[in-house]
Amino acid sequence: MEKKIRILIAKPGLDGHDRGAKFVARALRDAGYEIIYTGIRQTPEQIVASAIQEDVDFLGMSILSGAHNVLFKKVMDILKKEDAEDITVFGGGVIPEDDIPYLKSLGIKEIFTPGTSSEKIIEFIENNASKE
Amino acid sequence: MKKQYEDLVKKLIDKYPERQKEFITGSSEEVERLYTPEDTIDIDYDKDIGYPGLYPYTRGVQPTMYRGRLWTMRQYAGFGTAEESNRRYKYLLSQGQTGLSIAFDLCTQIGYDSDDPMSAGEVGKVGVAIDSLEDMEILFDGIPLDKVSTSMTINAPAAIILAMYIAVAEKQGVTPDKLKGTIQNDILKEYIARGTYIFPPKPSMRLITNIFEYCSKNVPYWNTISVSGYHIREAGSTAAEEIAFTLADGIAYVQAAIDTGLEVDNFAPRISFFFNAHNDLFEEVAKFRAARRLWARIMKDRFDAKNPKSQMLRFHIQTAGSTLTAQQPDNNISRVTIQALAAVLGGTQSLHTNSRDEALALPTEDSVRIALRTQQILGYESGVTNTADPLAGSYFVEKMTRDIEKQAEEYIQRIDELGGMVEAIEKGYVQKQIQDSAYKYQKQIERNERIIVGLNKFITKGEKPKNLLKVDEKVELLQVEKLHKVKADRDMKKVHESLEKIREISRTEGNLLPVFLEAVKTYATLGEICNVLREEFGEYEEQLVL
């Protein structure tokens, strides 16, 4: 049997806006993936530790407070340090268009902004999982 | 007549079917083709609807409503440093805004100083950063605190921020009995939906009742709590869930205060509420009317409150941020107008209208002005303010008011059976209900069963939003620098003594407000005070429900 794709959905930083993160988590779970959800207010260290411990293929992070440039970078730095760069990272939330090139330069594969359908995220997962 | 109408409809829809099989509200409640006196037959005018300013307040809490005075136009604002926010407040006041509403950054809301590792990246982002009394002094510089009313969105550390406000007023020569305003101070909805909790429920409830007690004696015109459904709705609840869970939170606070020995009519008149105004106009109006009636009955029947002010549900409304689209952001002006209209037809006491660009960033000054002007147009041009509760007597609205009230009553009963709101939260019941509703709503959008203009219909390609407000990353450095200067300039002995006093009182049944007041005056920081309390009270762990 094929191994189920494992995805960690995480909320770095202090914002409690988890409606989007929880919707994505549930929609991906309904689509047949193995989903682990961290809950809100996680530090970058905690998130990377969970990602490694849960042996996930993807890490999806959501921030709505505007702290994405700082916190996504921290997560990417720690992933590198922990030699866990094989995990495919994507992000979402209230993220201005102008910040996206910078976030992608950190190694984040995709940024999903408000209005994205779950179908589009599933498509992204499928496209990036097939390489393994 | 009725038979004739039904035959007519049947003939018509055989030939021309209606646009949809089913018509539903924003909360997925089915709506009939037509409402008639039959739908309101069991509603008694005097008992259930009544008159504005009289029990059960279905039609409003003021006898003359907006003929006497319009609602308070109060835009929630704050970002970056205290200096920048102070400038925005002065601008808003100069544009005819009538009250202030302070947005704090998340570090402040969770009781971390700006130099705490937990604060990295968040300083000044969603509101203003407050570390010590000095920041509060700058924030209200040149704003006479005996003249404005100030609403502050602060919950877990509400008692400490209130102490800072009292201390700033004192420096301006304003005594606490002259202060008017509101602290949100509603921890239960933080556990349910908003997320800025610090301590577990028990010590958190104690902080809240400490505030009730302190203010009833010293700050008599202060609204000591704003029990909030806003964030519950934003998290995806239905209209009925919004008022049910909010009033159930209210019940928990009133009960907690009574349990500590307070007299209901001494503190209940200062309890205020905060709701959401969503897109479905009639459903929202019905919701506000149902909430007023239900709270009046709860206060009278459950808590035996005698003072009419204890029975009156007074509330602030904010339009629904979650309905704003990042696509074609100017369309949001229309959404906000409909939502604000619902708030006014629902008899709100104060209102925040969201700005068009808030699905993308914090609003620019231009966007905020349009949002404020929307309120002014409703207030001065639309004519909807000329008579109290103009939708009363509509078969549809009265029926829906009663239906929402009934639904909410059922939820409250279920929460009672679970042992009250704290237990219902700890069991994840409330969170699960909200999440299920949110999931259902979002799926309707994804399946195009619910149309959102510009998002899943009438899409335009390739337009880029312009002129977004960006909080300068330098704010964090500036704020940390300022904090270190404050810390270097204080009398450390006094700071330590005041912090130890807080520790001491926290272990007793005593009221913490006086020692908070003492501590903030020594420029002990918010983070230092909260850390003492963290050590004494512990921290709340999220109930994960998915």
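Residues numbered from 1 in each chain as written. Chains lettered and ligands numbered in written order. Predicted model: local features only at pLDDT ≥ 70, side-chain atom pairs only at ≥ 80, totals over all residues. Heavy atoms only, no water.

Caption draft 1: Region of interest: the overall build of chain A. A tally of helices and strands in chain A yields five helices and five strands. Listed N to C, the secondary structure of chain A is β-α-β-α-β-α-β-α-β-α in terms of helices and strands. Over its C-alpha atoms chain A spans a radius of gyration of 13 Å, differing by no more than 12% from the 14 Å that the globule rule assigns to 132 residues. In terms of its C-alpha atoms, chain A occupies a principal-axis envelope of roughly 40 × 35 × 25 Å. For chain A, the residues scored as buried account for 57% of the 132 residues in total. Long-range pairs, those at least 24 residues apart, make up 71% of the contacts in chain A with a sequence separation of at least 6. Summed over all atoms, the accessible surface of chain A reaches about 6,000 Å², with 47% contributed by carbon and sulfur. In chain A, 17 side chains carry a positive charge and 22 a negative one; their mean positions are 4 Å apart. (Helix = DSSP H or I, 4+ residues; strand = E, 2+ residues; numbered from the N terminus. Rg over C-alpha atoms; globule rule 2.2 N^0.38 Å. Buried < 20%, exposed > 50% of the residue type's maximum accessible area, 1.4 Å probe, protein only. Contact = heavy atoms within 4.5 Å. Areas by Shrake-Rupley, 256 points an atom, 1.4 Å probe, with all protein chains shown as cover. Lys, Arg positive; Asp, Glu negative; His and termini not counted. Charge placed at Lys NZ, Arg CZ, Asp CG, Glu CD.)

Caption draft 2: Just the side chain of Thr525(B), in detail. All names here are of chain B. In this fold, Thr 525 is placed in the loop between α21 (513-521) and α22 (526-537). Of the residues examined, Thr 525 reaches a relative accessible area of 0% and is grouped as buried. Reaching out from Thr 525, the side chain makes a polar contact with the side chain of Asp 113 at a distance of 2.6 Å. When near neighbours in sequence (up to four residues on either side) are disregarded, Thr 525 contacts Asp 113, Asp 131, Ser 132, Leu 483, Lys 487 and Arg 490. (Polar contact = N/O pair within 3.5 Å; in protein donor to acceptor, adjacent residues only side chain to side chain.)

Caption draft 3: Structural context of the pairing of strand β8 (residues 271-277) of chain B. All names here are of chain B. Counting buried residues along β8, seven of its seven residues qualify, which places the element largely inside the surrounding structure. The two faces of β8 match: Ile 271, Phe 273, Phe 275 and Ala 277 on one face and Ser 272, Phe 274 and Asn 276 on the other face are all buried. Of the strand pairs in this sheet, strand β7 (residues 225-228) and β8 are connected by four bridges, and their pairing is parallel. Bridging across to β8, Ile 225 finds its partner in Ile 271. Of the strand pairs in this sheet, β8 and strand β9 (residues 315-319) are connected by five bridges, and their pairing is parallel. Bridge pairing links Phe 274 to His 316 in β9. (Pairing = 2+ DSSP bridges.)

Caption draft 4: The arrangement of the sheet that holds strand β6 (residues 222-223) of chain B in detail. All names here are of chain B. Spatial strand order, β2-β3-β4-β5-β6: five strands in an open sheet with parallel pairing. Strand pairing shows two members of the sheet lacking a second neighbour, β2 (76-77) and β6, which therefore form its edges. Note: strand β3 (residues 100-102) against strand β4 (residues 149-152), three bridges, orientation parallel. When the bridges of β4 are listed, Ile 102 appears paired with Met 152. Set on the sheet, helix α3 (residues 82-94) makes contact with β2 and β3; between it and β3 the angle comes to about 155°. (Axes fitted to C-alpha atoms, helices over the stretch in contact; angles between N-to-C directions.)

Caption draft 5: Up close: the packing of helix α8 (residues 201-218) of chain B against α21(B). All names here are of chain B. One can describe the packing of α8 onto α21 by two numbers: an axis separation of 10 Å at closest approach and a directional angle of 90°. Regarding the angle of α8 to α21, the classification is roughly perpendicular. Listed contacts from α21 to Leu 207, Asn 210, Ile 211 and Tyr 214 of α8 are Leu 513, Pro 514, Phe 516 and Leu 517. The residue inventory of the contact of α8 with α21, partitioned by class, reads seven nonpolar, one polar and no charged. (Parallel < 35°, antiparallel > 145°, perpendicular 65-115°, else oblique. Nonpolar A, V, L, I, M, F, W, Y, C, P; charged D, E, K, R; others polar.)

Caption draft 6: Quick look at the packing of aromatic side chains. All names here are of chain B. Across all of its chains, the model carries 25 aromatic pairs over all chains by this definition. Ring centres of Tyr 55 and Tyr 57 lie 6.4 Å apart, and the angle between their planes is 80°; on these two criteria the pair is classed as edge-to-face. The partly exposed category is assigned to Tyr 55, whose relative accessible area is 28%. Residue classification places Tyr 57 among the buried residues on the basis of a relative accessible area of 3%. Summarising the aromatic geometry, the rings of Phe 212 and Phe 267 are spaced 5.4 Å apart at their centres and angled 10° between planes, so their arrangement reads as stacked. Residue Phe 212 is found in helix α8, and its partner Phe 267 is found in helix α11 (residues 264-267); the two are separated by 55 residues along the sequence. For Phe 212, a relative accessible area of 1% gives the class buried. Here Phe 267 falls in the buried class, since its relative accessible area comes to 3%. Joined through ring pairs, the aromatic side chains of Phe 273, Phe 275, Phe 288, Trp 295 and Phe 315 make up one cluster. Cation over ring: Lys 300 sits above Tyr 55, and NZ or CZ is 5.0 Å from the ring centre. (Phe/Tyr/Trp six-rings, centres within 6.5 Å; stacked < 30°, edge-to-face > 60°. Lys NZ or Arg CZ within 6 Å of the ring centre and 35° of its normal.)

Caption draft 7: Main features of the pattern of salt bridges. If you walk through the whole model with that rule in mind, you get 56 salt bridges over all chains. A salt bridge links Lys11(A) to Asp15(A), with the shortest nitrogen-to-oxygen separation between them at 2.9 Å. For the residue pair Lys11(A) and Asp15(A), the accessibility class agrees, reading buried in each case. Linking Lys482(B) and Asp135(B) is a salt bridge whose minimum nitrogen-to-oxygen distance equals 3.2 Å. Of this pair, Lys482(B) sits in helix α19 (residues 474-488) while Asp135(B) sits in helix α5 (residues 133-139); the two residues are 347 residues apart in sequence, bridging distant segments of the chain. The pair Lys482(B) / Asp135(B) is uniform in exposure class, with both members buried. Through salt bridges that share partners, Lys47(B), Asp48(B), Arg293(B), Arg297(B) and Glu405(B) make up one connected network. (Salt bridge = Lys/Arg side-chain N within 4 Å of Asp/Glu carboxyl O.)

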